[in-house]
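Understanding the architecture of this molecule
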Amino acid sequence: MNRHAMIVGALWVVFTIAGEAVVLGFSPFPVAASEQAAVVDDAFTLLTLMAVPVFSLVCAMLLYSGLRFGQNSQPDQDGPPTRNNKSIVWVWLFVTTVLTIVMIIHPGITGILDLRADDDNIDLVVQLEARQYFWNVKFPDAGVRTTKELVLPIDENVQFLIMAHDVLHSFWVPAFRVKIDAVPGMFTKVTATPNELGSFDDDVNFRIQCAELCGVGHATMQLPVRVVERAEFDQWLTEQKPIAARR
Ligand SMILES: [Cu+2]
């Protein structure tokens, strides 16, 4: 192995160790308040850990090539052409194919199965109607609705049935890590299981945030979310308007 390759290899190892240390030592995530959040955060961390060696190799090669072979002025002539390097091509193809297959299986398929694990075991259905620029929340079983706040009981599987009245919107609760488009003319659904008490007043990630650009009021198309004990939730339900009542 020539000297250049050894230096790049050494840089690669150093950058990779430093990068993995940053990924493992620093948590970039907002508050995680649902069972699904752990699945999403674990997948994000794993994919980042897998990406660091690839990114480090590119950085090491670019940095070394630039510092070692960079020219301050235009060279008189081009260097000799390098048209092919079969062993590198095959190694690169093999490594990236294996990485891709691993990612498709885990966290890809396993993660989707985890996120859908509770879909057949729903405790509460919440219907959400998106309009420019607010969310209409209905609890069909209790027969009540609100546009002021989404209150949910802790540790129950909540199925959100989402629809839009005008244009595309997107239902997103950052603290739950669930997001799905709201599409005119159809229902979309997603399940979340809140497992931390909390409210928008304590942490702004407890909110529904429209995540699909839908017009001038898009950024303010939010609704506070509050996770409470079941008894408090039942009490709150009794204070809401019946679905049939006029606004
Ligand atoms: Cu929007």
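This structure is a prediction, so every number in the text was calculated from the model and none was measured. (Residues numbered from 1 in each chain as written. Predicted model: local features only at pLDDT ≥ 70, side-chain atom pairs only at ≥ 80, totals over all residues. Heavy atoms only, no water.)

**Some remarks on the coordination of the copper ion**
Put simply, the ideal angle at a metal is 109.5 degrees for four donors in tetrahedral geometry and 90 or 180 degrees for six donors in octahedral geometry. Operational definition: The donor set covers N, O and S atoms within 2.8 Å of the metal, switching to 3.2 Å for Na, K and Ca, and it leaves out water, so a site may look short of donors. A four-donor site is called tetrahedral if each angle lies between 85 and 135 degrees; a four-donor site is square planar, and a six-donor site octahedral, when trans pairs exceed 155 degrees and the remaining angles lie between 65 and 115; all other cases are labelled irregular.
Around the copper ion, the donor atoms from the protein are C210 (SG), E212 (O), C214 (SG) and H218 (ND1), and they sit 2.0 to 2.5 Å away. For the copper ion, the 4 donor atoms are set out with angles of 87 to 125 degrees between them, so the coordination reads as tetrahedral. Counting residues between consecutive donors of the copper ion along the chain gives the motif C-x1-E-x1-C-x3-H.

**Side note on a nonpolar patch on the surface**
The criterion, for reference: Surface patches are drawn from residues lacking salt bridges whose relative accessible area is over 30%; two like charges belong together within 9 Å, two nonpolar side chains (Val, Leu, Ile, Met, Phe, Trp, Tyr) within 5 Å. All accessible areas in this document rest on Shrake-Rupley with a 1.4 Å probe, and a residue is counted as covered only by the protein chains that are shown. The term salt bridge refers to a side-chain nitrogen of Lys or Arg lying within 4 Å of a carboxyl oxygen of Asp or Glu. Think of it this way: any DSSP run of H or I at least four residues long counts as a helix, any run of E at least two long counts as a strand, and we number them from the N terminus.
A cluster of nonpolar side chains, V91, F94, V95, V98 and V102, forms an exposed patch at the surface whose accessible area comes to about 440 Å². Residue placement: V91 occurs in helix α3 (residues 86-115).

**Notes on the pairing of strand β5 (residues 158-164)**
To be explicit about the condition: The classification of residues rests on relative accessible area computed with a 1.4 Å probe and restricted to protein chains. Under 20% of the type maximum is buried, over 50% is exposed, and intermediate values are partly exposed. A pair of strands counts as paired when DSSP detects no fewer than two bridges linking them.
Counting buried residues along β5, 6 of its 7 residues qualify, which places the element largely inside the surrounding structure. Alignment of β5 against strand β8 (residues 188-192), held across 5 bridges, turns out to be antiparallel. Bridging from a neighbouring strand, V158 pairs with A192 of β8.

**A closer look at the pattern of salt bridges**
All chains considered together, the criterion is met by 6 salt bridges. Where E129 meets K138, a salt bridge forms, and the shortest distance between an N and an O atom there is 2.7 Å. Accessibility classification places E129 together with K138 in one group, the buried group. A salt bridge links E232 to R226; the shortest N-O distance between them is 3.2 Å. Here E232 falls in the partly exposed class, since its relative accessible area comes to 43%. The exposure class assigned to R226 is partly exposed, which follows from its relative accessible area of 22%. Taken together, the salt bridges that share partners define one network made up of E149, R226 and E232.

**Regarding the nonpolar core**
Operational definition: The criterion is simple. A nonpolar core is a set of buried Ala, Val, Leu, Ile, Met, Phe, Trp, Tyr and Cys residues joined through side-chain atoms within 4.5 Å. Only heavy atoms matter for contacts: two residues are in contact if any of them lie within 4.5 Å across the pair.
Within the largest apolar cluster, 37 residues are counted, with the highest numbers of intra-cluster contacts made by V126, F139, L150, F160, F171, F176 and I208. Other than its neighbours up to four places away in sequence, F160 contacts V126, L128, L150, L152, F171, T188, K189, V190 and A192.

**A look at α3**
What sets the pattern is the α-helix's 3.6 residues per turn: residues three or four places apart point alike. In plain terms, the rule: By this rule the span expected of a helix is its residue count minus one, scaled by 1.5 Å. Bend at a given residue is defined as the angle between two axes, one fitted to the seven residues that end at that position and one fitted to the seven that begin there.
With 30 residues, α3 should cover 44 Å at 1.5 Å per step; its first-to-last C-alpha distance of 42 Å lies within 8% of that length. Along α3, the helix axis deviates most sharply at M103, where the bend reaches about 30 degrees; the proline P107 sits within four residues downstream.

**Thoughts on the environment of K179**
By the secondary structure assignment, K179 is in strand β7 (residues 178-182). Non-local contacts of K179, meaning those with residues more than four positions away in its chain, are made with S170, F171, W172 and A211.

**Details of the sheet that holds β8**
Worth spelling out the cut-off: Angular values range over 0 to 180 degrees, each being the angle between N-to-C directions of two axes fitted as lines to C-alpha atoms, with helices fitted over their stretch in contact.
Here 6 strands make up an open sheet; going across it, the order is β8-β5-β1-β2-β3-β12 and the pairing mixed. Every other strand in the sheet has two partners, leaving β8 and β12 (241-242) as the edge strands with one partner each. Of the strand pairs in this sheet, strand β2 (residues 134-139) and strand β3 (residues 144-146) are connected by 3 bridges, and their pairing is antiparallel. When the sheet's bridge partners are listed, V137 is paired in β3 with T146. Against the sheet, helix α4 (residues 230-238) touches β1 (124-131), β2 and β3, its axis set at about 105 degrees to β2.

**A closer look at unusual backbone geometry**
A cis amide bond, omega 15 degrees, links H106 with the succeeding residue P107. With an omega of 0 degrees, the peptide bond running from Q132 to Y133 counts as cis. Examined against the element boundaries, Y133 turns out to sit in the loop between β1 and β2. The backbone of D155 sits at a positive phi, close to 60 degrees, despite the residue not being glycine. By the element assignment, D155 lies in the loop between β4 (150-153) and β5. Positive phi, normally seen in glycine, also occurs at R177, with a value near 60 degrees.

**Overview of the side chain of T146**
Heads up, the condition is: Polar contact is the term for a pair of N or O atoms within 3.5 Å; when the atoms are in protein, one must be able to donate a hydrogen and the other to accept it, and sequence-neighboring residues count only if both atoms are side-chain atoms.
Checked against the element boundaries, T146 lands in strand β3. From its side chain, T146 meets the backbone nitrogen of K148 in a polar contact 3.0 Å long. With sequence-adjacent residues up to four places away left out, T146 is seen in contact with W135, N136, V137, W236 and Q240.

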